[in-house]
Amino acid sequence: MRANCWLGRGEVEVRQVPDPQILNSHDAVIRVSKTAICGTDLHLYDGFVPTMMKGDVLGHEFMGEVVDVGHDVETLRIGDRVVVPFPIACGRCNTCLAGDYSLCENSNPNASLAEKILGHAPGGIFGYSHMLGGFPGGQAEYARVPFADIGPIKIEDDLPDERVLFLSDILPTGYMGAEFCDITPGDVIAVWGAGPVGQFAVASAFLLGAERVIVIDRFPYRLEMARDNSGAEPVNYEESDVREALLELTAGRGPDACIDAVGLEAHHFSHAAHSYDRAKQVTRQESDRPFALREAVRNCRNGGVVSVIGVYGGFVDKFPMGSLMNRGLTLRSGQCHVQRYLRPLLDRIRNGEIDPSFVITHRLGLDDAPHGFTTFRDKEDECMKVVLTP
Amino acid sequence: MSTQNSQQQFRDPQARQPGDQGERGGARGAVRPDALGSALGWFGIGLGATELGAPDLVARAIGADDSAVSRTLTRIFGGHKIAGGVGVLGSEQPGRWLWGRVAGDLLDLSALALVAARRRVTGAGLARPLLAVGSVVGVTVLDVIAARRHSRAEAPGHLVHARSSTTIRRAPQDLYRRWHDFESLPTFMYHLDSVRTTDGTSHWKIRGPAGRKIKWDARIVEDRPDELIAWRSVGRSDVRNAGTVRFRPAPGGRGTEVQVDLEYQPPAGAAGVALAKVLGEEPGQLLAEDLRRFKQLMETGEVVRSEASPTGSRPASRLLRQHPARPLGRA
């Protein structure tokens, strides 16, 4: 089959690879009908996530049709149409039973590698480095899906692929980021990053009852999308002072909760500040650039919540711990526990509360994946989200 | 049964503190030098013979003056090297002789430092002594590597202890029953080749490098249903060892805490080297991965496999050469 393979920093290629086989009795094999490029794929692409290996198949947002099942799979049949959550979860360990699926205790066979880097190991993820399991991803014609009874959700009505595909990652991720904020009537939420996850964090904050949502980015087309589709108030950090804008928009209180939907490759309006962290990154003194996170912490109102759904890989420098501690902030974070949100979010899509397909700007064939990566990374052609059809 | 002595050597694992590493000490054994050790042995004999036979040549090569003192010193160093080489190649403890070579290297270096210092005073060039220093440093590094490797293998009798624990969401009796079935331990304990049980004695087998088998017999020495199983090697075993697995309910309905202690006394010689290759530098890590697979087996019914780790979890040190994350087989 054809699959989009990681070859090294800034290099992916669609290659011929073997078809996946059932390796565990709870596996299913899916013929991929739609798959997408995630912002996280760009972190892998740009070489910021350790333990990638030449030849790894990328992609953790995908859906398709079940073509094979292991003998212990009970809920799926060949021919079922499913969306696959990006975290692999066994559904049997204490953590899964508590609903924290992305921290599954059993789904990462390379846990010892993650323990060396992270202390304890999270669960496995498709196409997302060897320390997170070494599972091939879904930017391919076929994909093996472990624990097929726990992850994939069946789509039994005629909802088009493009409306349900993002249940795999970015819609629940944005939703969890908003849910972390414990939104109560009158709350103002600020979201750093108007990429696809930021768009869904904005939309979800409104769904959960936020009074106003402020979105911070530097690309006008992204800010406009958040304004036009979800009613967010845009702040372009290259044009205005973020702190001033937030104080003004909240009459001096500061946002009740701040969502970091940017992560480790953030940019900064000041070239000096950007260069400082970029230099530390290049010299391996820090792995992640935490501009958005620093701002989110400093600008949050006293006693508020900082919700981190942007991806970090290793270490950050100059984290404003004093601001967090003295002002009683709550920090919440995590890879999304997608399985927890599939059913309720599918219901919201079905009854028309949200149509996630609004973020799609580019539709390409799988063979154009390398072009999709550069277009998305360089924000060419007002790129927001690339969907690939194998 | 020759277990009386060895039994006394095994302490009660429970007496250990969390985080304890293995301990060393005890009887001696014999090993042959490996390829690097032999090469260094022969190199020492060759260079020593030159120093002894043609001290003026050597002195000139390193830039020393051709005085009677330097000739005598060079001869003494040469004698030391020959003795070291013979010791490495011929003795039963090449590791000790290799450390002797390291000491000789340090003497060489200090002599060269003196030569260089004198040439600086007299204004002669430093190229020759520096070149000599570089070569000696290179040889010293090799000597240290070989010496460390050999002395590790020569310290049999040192008791290796490994402990690991995990929490499994199953009742203690399920886990106890599964573990008690020794014959099925290799399903998740990958360093074991097979375990067979005949009337109260279990026969354990590890497959070492080049198909070499390491075998031992063991008997259960304590058996408390749903709580604890302790076993110990008996009779003529390739490796004397003992193990204990404990099951106790985890707090707050979290399942069962499983703790395993293993102790073994690596044998001398080739069997010891083979065992070390199987168990690696960190037997505790190996045990931790055994327990990870045991947990997967008991919670999900099978060992979890990814394309990068198709046989299941492994210690981090063995994950460096894994398969890429793409489907197995041919395109």
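Everything numeric here is computed off the predicted structure, so don't read it as measured data. Residue numbering note: each chain is counted from 1, following its sequence as written. Chain A is the first chain written and ligand 1 is the first ligand written, with later ones labelled in order. The predicted nature of this model means local features are confined to residues of pLDDT at least 70 and side-chain atom pairs, given and counted, to a pLDDT of 80 or more, with totals for whole chains, interfaces and linings taken over all residues.

### Points about the overall build of chain B
Scanning chain B for helices and strands turns up 9 helices and 7 strands. Exposure in this text rests on C-beta crowding, where 20 or more other C-beta atoms within 10 Å of a residue's own make it buried, 12 or fewer make it exposed, and counts in between make it partly exposed. The C-beta atoms are placed from the backbone. The buried share among the 331 residues of chain B stands at 36%. Remark: residues whose backbone-derived C-beta atoms lie within 7 Å of one another are considered to be in contact. Put simply, 60% of the contacts in chain B that link residues at least 6 apart link residues at least 24 apart. Under the DSSP-based scheme used, a helix requires at least four consecutive residues in state H or I and a strand at least two consecutive residues in state E, with every element numbered from the N terminus.

### Points about the interface of chain A and chain B
With 37 residues of chain A at the contact, the number on the chain B side is 34 residues. Going through the elements one at a time, strand E1 (2-8), strand E4 (56-57) and helix H3 (111-118) of chain A are the ones with two or more residues in the side of chain A that touches chain B. Of the residues belonging to the side of chain A that touches chain B, the class tally is 16 nonpolar, 15 polar and 6 charged. All residues other than Ala, Val, Leu, Ile, Met, Phe, Trp, Tyr, Cys, Pro, Asp, Glu, Lys and Arg, Gly among them, are scored as polar; the first ten of these are nonpolar and the last four charged.

### As for the sheet that holds strand E13 (residues 233-236) of chain A
Residue and element names in this part refer to chain A. Two strands are said to pair when DSSP picks up at least two bridges between them. Spatially, 6 strands are ordered E13-E12-E11-E14-E15-E16 in an open sheet, and the strand pairing comes out parallel. A single partner strand is all that each edge strand has here, and the edge strands are E13 and strand E16 (330-333). The sheet shows a mean angle of 20 degrees between the axes of neighbouring strands, taken without regard to direction. Note: strand E12 (residues 212-217) against E13, 4 bridges, orientation parallel. What sits directly across from Ile-216, in E13, is Val-235. Working convention: axes come from line fits to C-alpha atoms, limited for helices to the stretch in contact. Angles between N-to-C directions cover 0 to 180 degrees. Lying on the sheet, helix H7 (residues 220-230) is in contact with E12 and E13; it crosses E13 at an angle near 165 degrees.

### Brief notes about the domain arrangement of chain A
Residue and element names in this part refer to chain A. Each domain's extent was defined by an automatic or database domain assignment. Entries for chain A in the domain assignment read domain 1 (2-169 + 336-389) and domain 2 (171-333). Taken over C-alpha atoms, the centre of domain 1 sits 25 Å from the centre of domain 2. Contacts between the two partners involve 24 residues from domain 1, matched on the other side by 22 residues from domain 2. Only helix H1 (39-45) and helix H12 (338-350) provide two or more residues apiece to the side of domain 1 that touches domain 2. In terms of residue class, the side of domain 1 that touches domain 2 is built from 14 nonpolar, 4 polar and 6 charged.

### Describing the pairing of strand E2 (residues 194-198) of chain B
Regular strands place side chains that alternate from one sheet face to the opposite one. The pairing of E2(B) with strand E3 (residues 201-207) of chain B spans 5 bridges and is classified as antiparallel. Its bridge partner lying in E3(B), B:Arg196 is registered against B:His203.

### Concerning the UniProt feature "domain: Alcohol dehydrogenase-like N-terminal" (unreviewed entry) in chain A
UniProt positions are given in the numbering used here, feature names are shortened, and annotations may be inferred rather than shown by experiment. Annotation from UniProt places "domain: Alcohol dehydrogenase-like N-terminal" (unreviewed entry) at residues 25-152 of chain A. Between the C-alpha atoms that bound residues 25-152 of chain A the distance is 16 Å, and the span itself is 15% helix and 26% strand.

### Details of helix H8 (residues 269-279) of chain B
Owing to its 3.6 residues per turn, the α-helix brings residues three or four apart onto one side. Among all positions in H8(B), only B:Gly272, B:Val273, B:Ala274, B:Leu275 and B:Leu279 are buried. After H8(B) finishes, the residue B:Gly280 shows a positive phi value of roughly 75 degrees.

### Considerations on the environment of B:Gly235
Residue and element names in this part refer to chain B. Mapped onto the fold, Gly-235 is located in the loop between strand E5 (228-234) and strand E6 (240-249). For Gly-235, a count of 12 C-beta atoms within 10 Å corresponds to the exposed category. It is 8.3 Å that separates the C-alpha atoms of Gly-235 and Ala-218, two residues lying 17 residues apart in sequence.

### Quick word on helix H10 (residues 291-299) of chain A
The buried count for H10(A) comes to 8 of 9 residues, which makes it a mostly enclosed element. If you check which residues of H10(A) are buried, you get A:Phe291, A:Ala292, A:Leu293, A:Arg294, A:Glu295, A:Ala296, A:Val297 and A:Asn299.

### A closer look at the sheet that holds E4(A)
All names here are of chain A. Spatially, 3 strands are ordered E2-E1-E4 in an open sheet, and the strand pairing comes out antiparallel. Strand pairing shows two members of the sheet lacking a second neighbour, strand E2 (11-16) and E4, which therefore form its edges. Looking at chain direction, E1 and E2 are connected through 6 bridges and run antiparallel. If you follow Cys-5 over to E2, its bridge partner there is Glu-13. Each of E1 and E2 is contacted by helix H13 (residues 369-377), which is oriented at about 160 degrees to E2, the strand it contacts most.

### A closer look at the environment of A:Tyr237
All names here are of chain A. If you trace the backbone, Tyr-237 turns up in the loop between E13 and helix H8 (242-249). Along the backbone, Tyr-237 and Tyr-142 are 95 residues apart, and their C-alpha atoms lie at a distance of 42 Å. Setting aside chain neighbours within four positions, we find Tyr-237 in contact with Ile-216, Arg-218, Val-242 and Phe-269.

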